[in-house]
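This is what each chain is made of:
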Amino acid sequence: MNAMTDAGIVRCALVGTPNCGKTALFNALTGSRQKVANYPGVTVERKAGVVHTPAGLCYSVVDLPGTYSLRARSPDEEITRDAVLGRLASETPPDFLICVADATNLRLALRLLLELKRVGRPMMLVLNMMDIAKRRGIEIDVKKLSAALGMPVVTAISVRKGGTDAVMAELDRFVLTSAGDCSWTVPSAANLRTDQREADAIIRASVKMPAKPDTLTSRLDAVLLHPVAGLVSLFVILFVMFQAVFTWAQPLMNLIDQGFGILGTQAHDLLPPGILQSFITDGVIGGVGSVLVFLPQILILFLFILLLEDLGYMARAAFLMDKIMGGAGLHGRAFIPLLSSFACAIPGIMATRVIDNKKDRLTTILVAPLMTCSARIPVYTLIIAAFIPNTTVAGFLSLQGLVMFGLYAAGIASALAVSAVAKFFFWRQEMSPPFMLELPDYKLPAPKSVLFGLFTRAKAFLYRAGTTIFAMTVLIWFLASFPTAPAGATGPAIEYSFAAMIGHAIAPILAPIGFNWQISIALIPGMAAREVAVAALGTVYSISGGAENQVGSMLAAQWSLATALAFLVWYIFAPQCASTLAVIKRETQSWKWMWITFGYMLALAYLAAFATFHIARALGA
Amino acid sequence: MLRESPPVTSHCTPLGRAHPGFRGRIDAIDAKGNASGLSSEELERRLIELGFVEGASVEILHEGAIGRDPIAVRVDSATVALRRREAMAVLVV
């Protein structure tokens, strides 16, 4: 390293094609010293971290979104282009670029690298996944490659301990020169073709490829991409995923539930009776506990999504679903955002950025909130456990699990229906844009990076539980506790509170769909986050009932089955999430689309709940 | 990847019409009059970015259940999924 390090910290940026293992390398280099935030004004994730080399140098690293070219066809790719070119106002331009390439698939990576070279910044190339390349018999002459490309080339196995030692050593050796002139212009097809030919020539000269490609991937794909077996496998995977969410999580959930129960009793005994006791036990412990109990389910769902993504299966799912989704006016690529929306619509809507066509992206954003997100799970499980008998159907299927599956299926079906209608009304004369996607080879997920992803998700959920949900819990406790009952009052105290006033005010509107005023109250804080409704119902009922009973058994005693079913159906459709609406506003840069989403979801929720309630009643529920 | 420039032949077919198991080489990219809704220049650029350049070897590995669409194509060292409509612009021998 030269003297430039004294002037300040050296900045480098990781650039590479999608699926090159860039993020795994970033995690391996920075470990826990990383920060995830957004670029100002856009919702593109900015991942930055610090690398400490063995020689004691310190680098700041940003992990830029993957791209095939600097032509920038999506907001993500625009960030990569602008960061590399030093055009981002919020960001000091990188001092050098670390280009990351999948050693088993160098063609596209080297073409991108030749394009990046024109930017004029110092560069190095990291050949990632060298273990897989070696196992497959791919021989890369690193020295020759380095000479041909005119930059240092090092190998790495990001997922193995010590696998990035060579990268670290190169960072210590790397001689930083100042950036040269930028001769980059938007490449034409002819430019791209010339670059690809040059890249292919370099590969021919320095890489020996085996005769056969990855046989494991071909053998797996023979089944998983088979026209019939592939679709069957996809649905089996999804079904297992939902059964797992419902059954595996149960022991852990019971444990958390019991823990909060004990905590509540302890607090109740320790504190003198009065407002403080009520606040701590009903408001804080009861409220937060009833939401935290769903952490295991959310983690299991994310575990499946992360594993499928790291395995390389997600792109296959998009391939299998393209025609089916296309029939509903959706793009095959919409499958990944929509699947993420099962965890939470917010990352799902943000993931629509991979869809480069604006109309396709808007349709996907419009229907993403209909996918059953994990915040609905608390609501669904509570109602299902309270009202659906725990019996088995056909000998092995849990009836409760089946109802859950049905709720998910209803969400998916309505999303497809809405997108078909949207396509018809808004852009029926438009051509549907191309579906072109790389299908990466299958890879065993690295446990470390999966755990890392899970940890980030858990942290985000706990943070929400600790802030928004906690604040809403306190608010609902306040609304349900004040003003206090007058002396000599006969009814329960909540009947005199603000909550009752609001609930009674909107109850007539919701009465036709079978909702009582307690539900009406719970729906209001439920706008902050769907799962808050569970805490709110808990607060409303535990205060009005006086006893510290399970919310579920309380509801089973108070609601008719028709009301419970209407409530479930309401939750399939209702736009009960202010954060989702805020993200839609931000991603579409328009209030119009946010209000369209809110309006159509509310209308669907009301109509569907109305129909469910009256049909159930007519059938005697 | 070890290959010479392909000979120019007149009897080439669009990749979009080929069946699974087809193996060949790309003879030309001709996106003029394509039905993808993109300009021919743009479709050509996207195809090249995914590795579809003259001389690359291609093999159709899989096809979708409905309308035999989309197709999964091995292009040299990578596998790419695309619809037959766009694959019509890839002329193969």
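Keep in mind that this is a model prediction, so the values were computed, not measured.

Parameters at a glance
Residues numbered from 1 in each chain as written. Chains lettered and ligands numbered in written order. Predicted model: local features only at pLDDT ≥ 70, side-chain atom pairs only at ≥ 80, totals over all residues. Helix = DSSP H or I, 4+ residues; strand = E, 2+ residues; numbered from the N terminus. Rg over C-alpha atoms; globule rule 2.2 N^0.38 Å. Buried ≥ 20, exposed ≤ 12 C-beta atoms within 10 Å, placed from the backbone. Contact = placed C-beta atoms within 7 Å. Nonpolar A, V, L, I, M, F, W, Y, C, P; charged D, E, K, R; others polar. Pairing = 2+ DSSP bridges. Axes fitted to C-alpha atoms, helices over the stretch in contact; angles between N-to-C directions. Parallel < 35°, antiparallel > 145°, perpendicular 65-115°, else oblique. Left-handed = near helix turned anticlockwise from the far one by under 90°. Domains from an automatic or database assignment. pLDDT = per-residue confidence, 0-100. Expected span 1.5 Å × (residues − 1). Core = buried A, V, L, I, M, F, W, Y, C linked by C-beta atoms within 7 Å.

## Description of the overall build of chain A
Thought 1: Helix and strand content of chain A: 27 helices and twelve strands.
Thought 2: In summary, chain A has a C-alpha radius of gyration of 28 Å against a globular reference of 25 Å for 621 residues, a match within 12%.
Thought 3: Counting the 621 residues in chain A, one finds 47% classified as buried.

## Structural notes on the interface of chain B and chain A
A common measure of how large an interface is: the accessible area buried when the components associate.
Thought 1: Counting residues at the interface gives 34 residues for chain B, matched by 34 residues for chain A.
Thought 2: Mapped by element, the contributors of at least two residues to the side of chain B that touches chain A are helix 1 (40–49), strand 3 (57–63), strand 4 (71–75) and strand 5 (78–82) of chain B.
Thought 3: If one sorts the elements of the side of chain B that touches chain A by residue count, helix 1 of chain B sits on top with six residues.
Thought 4: Taken together, the residues that form the side of chain B that touches chain A break down as 15 nonpolar, eight polar and eleven charged.
Thought 5: Looking at chain direction, strand 12 (residues 436–438) of chain A and strand 5 of chain B are connected through three bridges and run antiparallel. Within the sheet, the bridge partner assigned to A:E438 lies in strand 5 of chain B and is B:V80.

## Some details on helix 17 (residues 358–367) of chain A
Residue and element names in this part refer to chain A.
Thought 1: Most of helix 17 is tucked away, with eight of its ten residues classed as buried.
Thought 2: If you check which residues of helix 17 are buried, you get D360, R361, L362, T363, T364, I365, L366 and V367.
Thought 3: In this structure, the buried residues of helix 17 make contact with helix 15 (335–340), helix 16 (345–351), helix 19 (399–426), helix 26 (578–588) and helix 27 (591–618).

## Considerations on the packing of helix 18 (residues 376–387) of chain A against helix 25 (residues 561–573) of chain A
How two helices sit against one another is set out by the angle between their axes and by the gap between those axes.
Residue and element names in this part refer to chain A.
Thought 1: It is at 10 Å that the axes of helix 18 and helix 25 come closest, and there the two elements cross at 160°. Relative to helix 25, helix 18 is oriented roughly antiparallel. Pair helix 18 / helix 25 crosses with left-handed handedness. Taking contact as the criterion, the partners of R376, V379, Y380, I383 and F387 in helix 18 are, on helix 25, L561, A564, F567, L568 and Y571.
Thought 2: For the contact of helix 18 with helix 25, the per-class residue count stands at nine nonpolar, no polar and one charged.

## Topic: the sheet that holds strand 4 of chain B
Thought 1: Here we have seven strands laid out as an open sheet, ordered 12(A)-5(B)-4(B)-3(B)-2(B)-6(B)-1(B), and antiparallel in their pairing. The open sheet terminates on both sides in strands that have one partner only, identified here as strand 12 of chain A together with strand 1 (13–14) of chain B.
Thought 2: Strand direction decides the pairing type here: strand 1 of chain B and strand 6 (residues 90–92) of chain B, joined by two bridges, are antiparallel. By the bridge assignment for strand 6 of chain B, B:T13 is matched with B:V92.

## Brief notes about the domain arrangement of chain A
Thought 1: Partitioning chain A into structural domains gives domain 1 (4–208) and domain 2 (455–559).
Thought 2: Look at where the C-alpha atoms of domain 1 of chain A and domain 2 of chain A centre, and you get two points 52 Å apart.

## Describing the confidence of the model for chain B
Residue and element names in this part refer to chain B.
Thought 1: In this model, chain B carries an average pLDDT of 87, and 89% of its residues clear a pLDDT of 70 or more.
Thought 2: Counted against residues more than four places away or in other chains, residues 1–9, with its pLDDT under 50, gives 16 contacts.
Thought 3: Among the scores for the predicted complex, ipTM is 0.88 and pTM is 0.79.

## Looking at the packing of helix 26 of chain A against helix 27 of chain A
Residue and element names in this part refer to chain A.
Thought 1: Where helix 26 contacts helix 27, the axes come no closer than 7 Å and their chain directions differ by 145°. The two elements helix 26 and helix 27 cross, and the hand of that crossing is right-handed. On helix 27, the residues that touch L581, I584, K585 and T588 of helix 26 are W591, W593, M594, T597 and F598.
Thought 2: Looking at the contact of helix 26 with helix 27 residue by residue, the class counts come to six nonpolar, two polar and one charged.

## Re unusual backbone geometry
Thought 1: The residue after B:D69, namely B:P70, is reached through a cis peptide bond having omega -10°.
Thought 2: For B:P70, the position within the fold is in the loop between strand 3 and strand 4.
Thought 3: Positive phi values are uncommon outside glycine, yet A:A72 reaches one of about 55°.
Thought 4: Here A:A72 is to be found in the loop between strand 4 (58–63) and helix 3 (75–85).

## Side note on the environment of B:V58
Residue and element names in this part refer to chain B.
Thought 1: In this structure, V58 sits in strand 3.
Thought 2: The exposure class assigned to V58 is buried, which follows from the 22 C-beta atoms found within 10 Å.
Thought 3: Between the C-alpha atoms of V58 and V73, which are 15 residues apart in sequence, the distance is 6.5 Å.
Thought 4: When near neighbours in sequence (up to four residues on either side) are disregarded, V58 contacts L15, G24, R25, I26, V73, R74, V75 and V92.

## Things to note about helix 18 of chain A
Residues and elements named next belong to chain A.
Thought 1: With twelve residues, helix 18 extends 16 Å from end C-alpha to end C-alpha; this agrees with the ideal 16 Å at 1.5 Å per step.
Thought 2: For helix 18, a buried count of ten out of twelve residues is recorded, marking the element as mostly surrounded by other parts of the structure.
Thought 3: Listed as buried for helix 18 are R376, I377, P378, V379, Y380, T381, L382, I383, I384 and F387.

## Considerations on the nonpolar core
All names here are of chain A.
Thought 1: Ranked by internal contacts, the top residues of the largest apolar core, which has 207 residues, are C99, A101, V126 and W570.
Thought 2: No other element matches the eleven residues that helix 25 contributes to this core.
Thought 3: The two domains that each donate at least three residues to this core are domain 1 (4–208) and domain 2 (455–559).
Thought 4: The contact partners of V126, leaving out residues within four places of it in the chain, are L25, I98, V100, V154, A156 and V167.

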